[in-house]
Amino acid sequence: MKLKANIATSENGFIFNPATGDSFTSNTIAAEILTCLKAGESEMEIKQKILDRYEVELCQLERDWDDYMLQLKEANLLDL
Amino acid sequence: MSVSPNLNQTKTLTIAVTGLNANDNPGPGLGVIRALRAGFGENLRIIGLAYETLEPAIYLSDLVNKTYRIPYPTAGTEALKERLQQIQEIEHIDVLIPNFDAELFNFIKLERELLDIGIHTFLPTHQQLAARDKVNLQAFGNNHGFDVPASETIFSASELDQMADKLGFPLVIKGKFYEATVVQHIGEAYKAFYKLQAKWGLPIIVQQFIKGTEINIAGLADGNGNALSVIPMRKMYITEKGKAWAGITITDEKLINLAREFAKASHWKGGFELEIMRDDKDALYIMEVNPRFPAWIYLSVAAGQNQPQLLVDLALGKPVQALTAYTAGKMFVRYAWDNIIDVAEFQKLSAFGEL
């Protein structure tokens with residue numbers, strides 16, 4: 001999964017799509033994931049990072065990940 | 001005889017601007033003036049040209065140095081020329097920027113005569129003005145490969161039923177110069193027809209409704225087929241009158257290219273605004289082409305391309321390079337402000353035609 005190259009993000013979770021003018025906010029973990037996506041990290045790398053850093057079961061992470069990716073896709077933020 | 005300012009001499013540039021209304025259907029004048037102030041700094045004198053005594057920008061003395069009333073467009077070019085000659089003897093205007101659709105015909109007709117007395121303009125031709133007129137827009141789109149909603153020009157309310165059968169509801173009923181109403185049934189269509197006819201006269205334009213995202217593009221073209229500046233804006237808040245009350249600059253090559261194609265196809269000269277509807281299939285429909293800067297033009301300064309300043313440079317014969325870089329994510333949020341003036345100012349403008 002890749003974020004579109006022109007998507008602007010900030011440390012506090014603000015997301016801006018300059019092509020549409022749409023703005024979004026994300027919570028801390030979502031912002032962290034976005035930072036990793038922007039840095040070009042793979043899905044596996046990001047998930048492993050989260051598993052190492054936070055107390056979360058893999059199955060829960062998988063469910064939340066899929067949900068988040070769907071939201072990013074619907075918001076037209078992913079490079080498909 | 002042609003009179004040109006000595007561009008090498010540091011002198012105050014005097015620029016006349018129309019469109020000083022800033023009510024719920026604001027004219028571009030105030031935005032143009034703010035852009036000029038931002039671009040030219042202190043060596044600038046702004047002369048307001050007003051039709052009505054309650055055009056708000058008249059009373060913003062920090063922005064407008066002096067205002068003169070001018071005759072309505074319906075009074076004709078001779079009345080306008082005479083008034084501008086009187087003003088020119090006093091003010092020595094260098095550049096005049098008209099900002100109302102309804103007045104452009106007259107200013108274009110006087111272009112040469114204005115230059116003879118030292119007033120520079122940068123205007124399209126009458127043919128260009130007519131080609132993008134609402135009544136001709138569909139033909140313009142067809143001729144140049146632009147997506148334009150189907151529309152018809154009508155001169156009588158009795159034609160509305162036929163139009164409704166042809167185009168279906170919702171429909172957009174549009175005035176000759178300004179205003180548009182989206183109607184859901186024939187009763188609303190008749191009401192909108194009569195209201196617009198009373199205000200702007202005939203004909204009335206009946207246009208197919210396109211559902212989508214409203215995007216406007218402010219542009220400046222050099223008259224040789226080149227767009228020198230293009231700034232797209234997505235409307236974020238739309239008033240009941242369909243005006244953008246907040247908007248944000250966006251980057252989209254399709255929109256930029258559309259504006260460039262318009263400049264190329266029309267050889268437009270001067271400021272323009274494309275009113276676009278992007279539908280869910282990503283098609284870009286040109287809903288209207290406005291033959292002057294939009295009311296939100298000050299946003300072009302914030303985005304990094306001061307279009308009114310560039311237009312003045314063009315009018316004065318200075319070379320202007322095309323600008324491509326600008327900042328997306330710059331927003332304007334319009335507000336209403338009560339400006340307090342003394343009745344004596346209002347009376348002076350009413351009685352003497354200048355303030």
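Residues numbered from 1 in each chain as written. Chains lettered and ligands numbered in written order. Predicted model: local features only at pLDDT ≥ 70, side-chain atom pairs only at ≥ 80, totals over all residues.

**Topic: the overall build of chain B**
Definition in use: Helix and strand definitions follow DSSP, with helices as H or I runs of at least four residues and strands as E runs of at least two, each counted in order from the N terminus. Here, residues touch in the contact sense if the C-beta positions derived from the backbone fall within 7 Å of one another.
A tally of regular secondary structure across chain B gives 12 helices and 14 strands. By its C-alpha atoms, chain B is 60 × 45 × 40 Å across when sized along the principal axes. Taking the intrachain contacts of chain B between residues at least 6 apart in sequence as the baseline, contacts between residues at least 24 apart amount to 66%.

**What about the domain arrangement of chain B?**
Residues and elements named next belong to chain B. So the rule is basically this: Those domain boundaries reflect an automatic or database domain assignment. Gly is put with the polar residues, along with every residue not named as nonpolar or charged; the nonpolar set is Ala, Val, Leu, Ile, Met, Phe, Trp, Tyr, Cys and Pro, and the charged set is Asp, Glu, Lys and Arg.
Splitting chain B by domain gives domain 1 (13-121 + 338-352), domain 2 (159-208) and domain 3 (211-333). Put simply, the middle of domain 1 and the middle of domain 3, counted by C-alpha atoms, are 23 Å apart. Taken together, the contacts link 23 residues of domain 1 with 22 residues of domain 3. Those elements giving two or more residues to the side of domain 1 that touches domain 3 turn out to be helix H1 (29-40), strand S4 (95-97) and helix H3 (101-109). Counted by class, the side of domain 1 that touches domain 3 contains 12 nonpolar, seven polar and four charged residues.

**A short note on the sheet that holds strand S7 (residues 180-183) of chain B**
Residues and elements named next belong to chain B. As a reminder of what qualifies: The pairing criterion for strands is at least two bridges between them, as found by DSSP. Between N-to-C directions, angles cover 0 to 180 degrees, with each direction set by a line fitted to C-alpha atoms, over the stretch in contact for helices.
Spatial strand order, S5-S8-S6-S7: four strands in an open sheet with antiparallel pairing. In this open sheet, the two edge strands, each paired with only one partner strand, are strand S5 (151-154) and S7. This sheet shows a mean twist of 25° between the axes of neighbouring strands, independent of strand direction. When strand S6 (residues 171-174) meets strand S8 (residues 204-208), the two strands line up antiparallel, connected through four bridges. Bridged to Ile173 within S8 is Val206. The strands that helix H8 (residues 186-200) touches are S6, S7 and S8; relative to S6, the one it contacts most, it runs at about 15°.

**Focus: the pairing of S6(B)**
All names here are of chain B. As a reminder of what qualifies: Three exposure classes are used, all based on how many other C-beta atoms lie within 10 Å of a residue's own C-beta (placed from the backbone): buried at 20 or more, exposed at 12 or fewer, and partly exposed between those limits.
Burial of the side chains of S6 extends over both faces: Leu171 and Ile173 are buried on one face and Val172 and Lys174 on the other. Sheet analysis places S6 next to S7, joined by four bridges and oriented antiparallel. Across the sheet, residue Lys174 finds its bridge partner in S7, namely Ala180. Connecting S6 to the antiparallel partner S7 that follows it, the hairpin turn spans five residues, and Glu179 within it adopts a positive phi of roughly 75°.

**Section: the interface of chain A and chain B**
Contact with chain A, which involves six residues of that partner, is made by seven residues of chain B. Its residues placed into classes, the side of chain A that touches chain B shows three nonpolar, three polar and no charged.

**Let's talk about the sheet that holds strand S3 (residues 22-25) of chain A**
Taken together, three strands build an open sheet; the order of strands is S1-S2-S3 (chain A) and the sheet is antiparallel. Looking at the sheet topology across the chains shown, the edges are occupied by strand S1 (8-9) and S3 of chain A.

**Structural notes on the nonpolar core**
All names here are of chain B. Worth spelling out the cut-off: Take the buried Ala, Val, Leu, Ile, Met, Phe, Trp, Tyr and Cys residues, join any whose C-beta atoms are within 7 Å, and the set you get is a nonpolar core.
Judged by nonpolar contacts, the single largest core of 79 residues is most densely connected at Ile15, Ile217, Ala259 and Leu274. Ile217 has contacts with Val230, Ile231, Pro232, Leu255, Ala259, Glu273, Leu274 and Ile276, leaving out every residue within four places of it along the chain. Counting 13 residues, the second-largest nonpolar core is a separate cluster that includes Ile173, Phe193, Leu196 and Val206.

**Details of unusual backbone geometry**
All names here are of chain B. For the bond running from Phe169 to Pro170, omega is 0°, close enough to zero to count as cis. Here Pro170 lies in the loop between helix H7 (160-167) and S6. In this chain, Leu202 is followed by Pro203 through a cis amide linkage whose omega measures 5°. Residue position: Pro203 is located in the loop between H8 and S8.

**Let's talk about the packing of H7(B) against H8(B)**
Residues and elements named next belong to chain B. Just so we agree on the cut-off: When an angle is under 35 degrees it counts as roughly parallel; over 145 it counts as roughly antiparallel; between 65 and 115 it counts as roughly perpendicular; any other value is oblique. Working rule for handedness: look at the near helix, and if it is turned counterclockwise from the far one by less than a right angle, call the crossing left-handed; if clockwise, right-handed.
Between H7 and H8, the shortest axis-to-axis distance is 10 Å and the interhelical angle comes to 125°. Between H7 and H8, the interaxial angle falls into the category oblique. Considering only the axes of H7 and H8, their crossing is right-handed. Contact residues: H7 offers Leu160, Asp161 and Ala164, while H8 offers Ile186, Ala189, Tyr190 and Phe193. Grouping the amino acids of the contact of H7 with H8 by side-chain chemistry returns six nonpolar, no polar and one charged.

**Examining helix H11 (residues 307-315) of chain B**
Residues and elements named next belong to chain B. Counting buried positions along H11 gives eight out of nine residues, so the element sits mostly inside the fold. Every buried residue belonging to H11 is among Gln307, Pro308, Gln309, Leu310, Leu311, Val312, Leu314 and Ala315, and all of these are buried. Residue Gly317 follows H11 closely and has a positive phi angle near 80°.

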